[in-house]
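Examining the three-dimensional arrangement
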2 protein chains.
Amino acid sequence: MNKITEELLKIVSDWKGIPDAAYNIREDTGCAGRRSTENIRIDSKTDKPGIDIRVKPGTRGEMVYIPACVTHSAVDDLVYNDFYIGAGADVTIVAGCGVHSDGEEEAKHNGIHRFFLEKGARVLYLEKHIGTGGGAGARVINPVTDAELAEDAYMEMNTTQIGGVDSTLRKTTAVLGKNARMVVKEKLLTEGVQTAESDFVITLAGEGSGAHLISRSVAKQRSSQLFRSRLIGEAACSGHSECDAIIMDDGVVSAIPELTAHNVDAALIHEAAIGKIAGEQITKLMTLGLTEKQAEEKIIEGFLK
Amino acid sequence: MNKITEELLKIVSDWKGIPDAAYNIREDTGCAGRRSTENIRIDSKTDKPGIDIRVKPGTRGEMVYIPACVTHSAVDDLVYNDFYIGAGADVTIVAGCGVHSDGEEEAKHNGIHRFFLEKGARVLYLEKHIGTGGGAGARVINPVTDAELAEDAYMEMNTTQIGGVDSTLRKTTAVLGKNARMVVKEKLLTEGVQTAESDFVITLAGEGSGAHLISRSVAKQRSSQLFRSRLIGEAACSGHSECDAIIMDDGVVSAIPELTAHNVDAALIHEAAIGKIAGEQITKLMTLGLTEKQAEEKIIEGFLK
């Protein structure tokens with residue numbers, strides 16, 4: 001594993017050396033390390049780039065690390081990772097991605113993740129994205145996440161784009177079975193002329209299924225963001241989507257949430273708010289001794305925490 | 001004016017005989033009566049079907065009636081009405097539309113309305129739509145409304161589709177100048193296999209402009225509705241959009257509100273909720289002696305009031 005990968009891993013996966021857990025490190029389209037455990041098997045795919053992660057039914061409290069790094073320009077990484085989570089398993093998946101550009105050409109990672117959660121399976125999915133390096137080439141991360149949740153399954157996705165990613169297109173779909181639940185917490189920060197688009201389609205197919213989608217975003221300088229979400233209620237279900245965005249400078253944010261109820265017992269709610277930081281919040285922090293700039297940073301930090 | 005027009009006018013314009021005000025009655029693509037007043041002039045267009053309504057600057061407290069009726073099948077009415085509201089005027093425009101189908105073919109009204117509000121002008125625009133008659137031909141009303149509000153202008157649109165309209169496609173756009181304000185209150189009821197689509201694009205172009213959009217809808221039986229709204233903030237402005245929908249039986253409602261802030265001082269908020277009537281509301285009314293059906297009707301009536 002090269003030095004840049006090591007640095008990126010610290011940021012995106014809280015990497016403190018080889019963990020006592022299953023892991024697979026992807027580095028510039030190759031594999032820089034892998035371990036399976038008794039309950040979690042990681043295998044290379046034979047038909048295309050990527051891995052299959054199989055978690056045995058009933059596995060509890062284990063973690064899987066699958067970070068991916070692009071460490072120089074002129075890399076266009078494409079990977080297909082499939083997660084099979086056995087019935088009743090309860091695991092945490094840490095899936096950060098860092099792209100480092102040092103030259104004129106793009107450094108790009110496209111990760112296509114599919115999740116299959118069997119009955120009663122629970123997954124906490126943590127994902128941090130960052131771009132680094134001084135090259136003029138753009139740092140691009142385009143993640144696709146498709147999840148199928150069987151009866152009583154639960155999935156929580158916490159995704160964070162910290163900074164330095166010039167362009168991102170995030171696509172997430174999920175289909176929820178009976179009493180399945182999904183929680184998504186997305187945090188996005190863009191600055192400079194960065195662009196970010198995030199697109200969710202969550203289908204509440206099973207009776208008693210529920211989704212809770214919270215997006216918080218900050219668009220600084222001349223950056224722009226587009227947030228789209230679709231909650232589709234096909235059964236007696238509940239869906240809630242919430243998008244809060246702070247704009248600064250010449251930042252642009254669009255929010256297009258969509259609710260569709262196909263069933264009389266579907267209850268769907270959406271809220272969205274876009275605006276700048278409230279003046280009184282800044283004033284309050286300034287009376288405590290902070291400069292205006294520091295006050296803004298403090299508020300943004302709290303908002304995205 | 002024929003009997004059906006008379007009946008339709010009572011419903012859509014609270015018609016109690018020729019009013020003491022400016023009016024134009026459109027009946028089956030023709031004109032069934034018109035009056036201009038000293039301050040409000042109504043003229044036929046010379047290049048296409050429709051009228052120009054010119055309200056003198058400073059006109060206050062006057063009303064204009066411009067109902068349109070289609071009284072039989074196989075009519076496809078298309079009309080262009082332009083409203084020029086002089087500076088400082090304050091008028092009420094009553095613009096109902098009724099379509100009556102008695103045969104196999106469609107009865108259709110397409111009204112394309114443009115509003116030009118000069119500085120400080122105020123308009124209250126009331127519009128009721130209804131379909132009647134026992135014919136198999138569909139009753140269709142497709143209104144297009146485009147409004148330009150100059151500095152300090154104010155426009156309130158109250159639109160109601162009461163029932164019997166098989167298909168409607170409503171398109172409303174508005175561009176608001178400095179300190180201009182727009183309030184839209186839309187009420188839509190669909191039943192059977194009716195479809196309704198309502199599409200708003202409100203551009204908050206001027207500093208201090210504001211828009212407040214409230215949509216309430218009920219989709220019964222197998223009817224379906226699509227609500228789209230776009231609030232675009234291009235200056236220091238405030239926009240609020242709210243969509244509440246009740247679904248019953250196999251009704252389907254989609255809500256797609258969009259917020260876009262192009263200016264750091266734009267504050268945009270959206271809320272949407274789709275669901276059925278709360279069970280406890282029905283139970284409460286039933287304890288007061290109403291049947292379940294009556295209780296539902298009472299709640300719907302209150303919701304759309």
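First, a word on what this report is: a plain description of the structure on this page.

Definitions and limits used
Residues numbered from 1 in each chain as written. Chains lettered and ligands numbered in written order. Predicted model: local features only at pLDDT ≥ 70, side-chain atom pairs only at ≥ 80, totals over all residues. Heavy atoms only, no water. Helix = DSSP H or I, 4+ residues; strand = E, 2+ residues; numbered from the N terminus. Rg over C-alpha atoms; globule rule 2.2 N^0.38 Å. Contact = heavy atoms within 4.5 Å. Areas by Shrake-Rupley, 256 points an atom, 1.4 Å probe, with all protein chains shown as cover. Lys, Arg positive; Asp, Glu negative; His and termini not counted. Charge placed at Lys NZ, Arg CZ, Asp CG, Glu CD. Core = buried A, V, L, I, M, F, W, Y, C linked by side-chain atoms within 4.5 Å. Buried < 20%, exposed > 50% of the residue type's maximum accessible area, 1.4 Å probe, protein only. Buried area = accessible area lost by both parts, 1.4 Å probe. Salt bridge = Lys/Arg side-chain N within 4 Å of Asp/Glu carboxyl O. Polar contact = N/O pair within 3.5 Å; in protein donor to acceptor, adjacent residues only side chain to side chain. Pairing = 2+ DSSP bridges. Least-squares fit on C-alpha atoms with pLDDT ≥ 70 in both.

1. A word on the overall build of chain A
Counting its regular elements, chain A contains three helices and 21 strands. Its C-alpha atoms give chain A a radius of gyration of 20 Å, near enough to 19 Å, the size a compact globule of 305 residues would have. The dimensions of chain A, computed from C-alpha atoms along their principal axes, are 55 × 55 × 35 Å. Considering only intrachain contacts with a sequence separation of at least 6, the fraction spanning at least 24 residues in chain A is 81%. When the accessible surface of chain A is summed, it comes to about 12400 Å², and 49% of that surface belongs to carbon and sulfur atoms. A gap of 3 Å separates the mean positions of the 34 positive and 45 negative side-chain charges of chain A.

2. Observations regarding the nonpolar core
Soluble globular proteins tend to pack their nonpolar side chains together in the buried interior. One finds Ile85(A), Ile93(A) and Ile85(B) to be the most contacted residues of the largest nonpolar core, which totals 98 residues. Sequence-distant contacts of Ile93(A), defined by excluding residues within four places in its chain, comprise Val64(A), Ile66(A), Phe83(A), Ile85(A), Phe115(A), Val123(A), Leu124(A), Tyr125(A) and Leu126(A). If you look at the next biggest cluster of nonpolar residues, it comprises 12 residues, including Leu189(A), Ala295(A), Ile300(A) and Leu304(A).

3. Description of the interface of chain A and chain B
Taken together, the contacts link 29 residues of chain A with 29 residues of chain B. Summed over both sides, the interface of chain A with chain B buries roughly 2200 Å², with 53% coming from carbon and sulfur. When the buried area of chain A at its contact with chain B is split by residue, Leu259(A), Val264(A) and Ile274(A) rank highest and sum to 23% of it. Connecting chain A to chain B are two salt bridges. Across the contact surface, chain A and chain B share 12 residue pairs in polar contact (both at pLDDT 80 or more). Those elements that place two or more of their residues in the side of chain A that touches chain B are strand S20 (252–261) and strand S21 (266–275) of chain A. Bridge analysis of S21(A) against strand S21 (residues 266–275) of chain B gives seven bridges, and the strand direction is antiparallel. By the bridge assignment, Ile269(A) is partnered in S21(B) with Ala273(B).

4. Observations regarding the relation of the copies chain A and chain B
Mapping chain A onto chain B calls for a screw motion: a turn of 180° about the axis and a shift of 0.0 Å along it, with 0.0 Å RMSD after fitting. In symmetry terms, the pair is related by a two-fold rotation axis. Among all residues of chain A, the minimum C-alpha distance to the rotation axis is found for Glu271(A), at 2.2 Å. Same-surface contact between copies: 100% of interface residues of chain A are shared with the interface of chain B.

Purely geometric stuff here, so don't read any function into it on its own.
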